[in-house]
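Descriptive structure summary
The chain contents come next:
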Amino acid sequence: MDSISHDIVGRLLPHFLTWSQDYGKRFIYWNGIEPRMCLTETHLIKELLSKYSTKAGKSWLQQRGSKHFIGRGLLMANGYDWHHQRHIVAPAFTGDKLKVYAGYMVDCTRQMLQSLHDAVELGQTELEIGGYMSRLTADIISRTEFDCSYEKGQQIFHLLTVLQRLCAQSSRHLCFPGSRFFPTKYNREIKSVKTEVERLLMEILQRRKDCAEIGRGSSYGNDLLGVLLNEMRRKKSGNGFVISLRNMMQLIMDECRTFFFAGHETTALLLTWTVMLLATNPKWQDKVREEVTELNMVINESLRLYPPASVLPRMAFEDFKLGDLHIPKGLSIWIPVLAIHHSEELWGKDVNEFNPNRFASKPFSSGRFIPFAAGPRNCVGQSFAMMEAKIILAMLITQFKFAISENYRHAPIIVLTVKPKFGVQIRLTPLSS
Ligand code: HEM
């Protein structure tokens, strides 16, 4: 197999490479009728993400593109709505809550490892690990969100995946104004899947509310859904917080869908790329097996080379000053995370090499390493994702040795996230306990 090159910016962002060579660190280009500024200076990125998180947010186009599967959840909210939702959602990701979720993560990983052992025993010599990781993270998020209604949760998430695919397909067919309202085949299917998702979610929610409010329990539960409901109740009984039951239910449904959308594929990709990197760097695999704390550095290096979210898009909602720049209302700003993570100027000559040691000495200035964004609007599930990745990789590495298969073709592509086009094929050897 050819050696694997991590020098992927030219392949994934060819226009960025050409324009940055021609015009330097900042440039504006037209994306259809939208003027878009590409921002790569780390001090400006830091300022934008930390100081202007409410003046620059998610655009109407982004919101429209994702409204069928995440509605008005945290990821796409702006202004007061975002602020209010972040206060409800953030307590679900504090240290004490994460400890409870760790149990779900371990249980689901055990099952996945058993299926790997079964596959090896049946003589399967090669496995596509991306598929296993994707099913595992879907399983974990279903269990963490809905605990006892876990199977219904899995059904919901299956439908959400179908919905996402239908939306992507329909967007390729709709090309005249207002056509999204036409009762086309895609629009009818989208509507019916969406209705089914909402019906299932509402059933889970209603059951949970009945249990807690008709007296069988004092709390809504310890899973993510329970924590959100408890937080809503706490806020409602506090001062000045007015929300109708219908809106509250809608909001909780949107957050549940958002967690799945924002947290399932991103984490699966982090795991898949990390397995690829460890499979092609056996020395690091052995090192991590001996000293599991090294995993942190390996995961960071994987997030640097293959950040699942390759770009951070923002839209200016009002005029503001960013460093020496005047940002006018309506300007779209793109932070090309992938290119920043691969900048030789920021990371040095070995920028395209897998070298987890670069994360041994902290701190590194923020603005240069931003796989989870930064500032008040950073990824609310960051600690959840890091804990999940560490648990899964630590369990995998103590049970198996793995090598990259000669059938693996290194072909990263961007389809919203950075994915391996043909999956990651590995060969597993069980380790005796
Ligand atoms: C490796 C895994 C993950 C990566 C790389 C990642 C990355 C990101 C990034 C870059 C953002 C900022 C997006 C933007 O503002 O444009 C974000 C936001 C968000 N993420 Fe994650 N994420 C991961 C896992 C998760 C998980 C596990 C969850 C939930 C269970 C989650 C929930 C969210 C939510 C709700 C937001 C919106 C936060 C806000 O706007 O206040 N993410 N994530």
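Residues numbered from 1 in each chain as written. Predicted model: local features only at pLDDT ≥ 70, side-chain atom pairs only at ≥ 80, totals over all residues. Heavy atoms only, no water.

Looking at the protein side alone, the iron atom of the ligand has one donor only, Cys-379 (SG), at 2.3 Å. Within the fold, Cys-379 resides in the loop between helix H15 (344–347) and helix H16 (382–399). (Donors = N, O, S within 2.8 Å, 3.2 Å for Na, K, Ca; no water. Helix = DSSP H or I, 4+ residues; strand = E, 2+ residues; numbered from the N terminus.)

Counting through the fold element by element, Asp-223 comes out in the loop between helix H9 (185–213) and helix H10 (224–237). At 2.8 Å, the side chain of Asp-223 forms a polar contact with the backbone nitrogen of Gly-226. When near neighbours in sequence (up to four residues on either side) are disregarded, Asp-223 contacts Tyr-101, Tyr-104, Thr-144, Glu-145, Phe-146, Asp-147 and Arg-208. (Polar contact = N/O pair within 3.5 Å; in protein donor to acceptor, adjacent residues only side chain to side chain. Contact = heavy atoms within 4.5 Å.)

It is at 10 Å that the axes of helix H6 (residues 95–121) and H16 come closest, and there the two elements cross at 35°. The two elements H6 and H16 cross, and the hand of that crossing is right-handed. On the side of H6, the interface is formed by Leu-98, Tyr-101, Ala-102, Met-105, Val-106, Thr-109, Arg-110, Met-112, Leu-113, Leu-116 and His-117, while H16 contributes Ser-383, Phe-384, Met-387, Glu-388, Ile-391, Ile-392, Met-395, Leu-396 and Gln-399. Class assignment for the residues of the contact of H6 with H16 results in 14 nonpolar, four polar and two charged. (Axes fitted to C-alpha atoms, helices over the stretch in contact; angles between N-to-C directions. Left-handed = near helix turned anticlockwise from the far one by under 90°. Nonpolar A, V, L, I, M, F, W, Y, C, P; charged D, E, K, R; others polar.)

Of note, the phi angle at Ala-373 is positive, near 60°, even though the residue is not glycine. Locating Ala-373 in the fold gives a position in the loop between H15 and H16. Exposure remark for Ala-373: the relative accessible area of 15% places this residue in the buried category. Positioned with a positive phi, Leu-416 is a non-glycine residue whose angle comes to about 70°. By secondary structure assignment, the location of Leu-416 is in the loop between strand E10 (412–415) and strand E11 (417–420). (Buried < 20%, exposed > 50% of the residue type's maximum accessible area, 1.4 Å probe, protein only.)

What follows deals with the site of the ligand. As a structural note, the neighbourhood of the ligand is formed by 28 residues, with Trp-82, Arg-86, Arg-314, Arg-377 and Cys-379 the closest of them. Between the ligand and the protein, one listed contact pairs an oxygen atom with a side-chain N or O atom of Trp-82 at 2.7 Å. A distance of 2.9 Å separates an oxygen atom of the ligand from a polar side-chain atom of Arg-377. Secondary-structure elements contributing two or more residues to the shell around the ligand are helix H5 (79–89), helix H11 (245–280), strand E5 (312–316) and H16. In terms of residues, the shell around the ligand owes the most to one element, H11, which gives six residues. Of the residues assigned to the shell around the ligand, the class counts are 18 nonpolar, six polar and four charged. (Near = heavy atom within 4 Å.)

The subject of this paragraph is the sheet that holds strand E12 (residues 425–430). The three strands are arranged E4-E12-E9 in an open sheet whose pairing can be described as antiparallel. The sheet is open, and its two edges are formed by strand E4 (126–128) and strand E9 (400–404), each paired on a single side. Neighbour to neighbour, the strand axes of the sheet diverge by 40° on average, direction disregarded. The pairing of E9 with E12 spans five bridges and is classified as antiparallel. Bridging across to E12, Phe-400 finds its partner in Pro-430. (Pairing = 2+ DSSP bridges.)

With that settled, consider the sheet that holds strand E8 (residues 332–335). Taking strand neighbours across the sheet as the criterion, the five strands line up as E1-E2-E8-E5-E3 in an open arrangement whose pairing is mixed. Looking at the sheet topology across the chains shown, the edges are occupied by strand E1 (26–31) and strand E3 (56–57). Bridge count for E1 against strand E2 (residues 34–39) is six bridges, and the pairing is antiparallel. When the bridges of E2 are listed, Trp-30 appears paired with Pro-35. The sheet contacts of helix H3 (residues 42–51) involve E1, E2, E3, E5 and E8, and relative to E8 the element is tilted by about 120°.

It is at 12 Å that the axes of helix H7 (residues 129–146) and H16 come closest, and there the two elements cross at 130°. One finds that H7 runs oblique with respect to H16. Judged by the sense of rotation from one axis to the other, the crossing of H7 with H16 is right-handed. Residues Met-133, Leu-136, Thr-137, Ile-140, Ile-141 and Thr-144 of H7 pack against Phe-384, Glu-388, Ile-392 and Leu-396 of H16. Its residues placed into classes, the contact of H7 with H16 shows seven nonpolar, two polar and one charged. (Parallel < 35°, antiparallel > 145°, perpendicular 65-115°, else oblique.)

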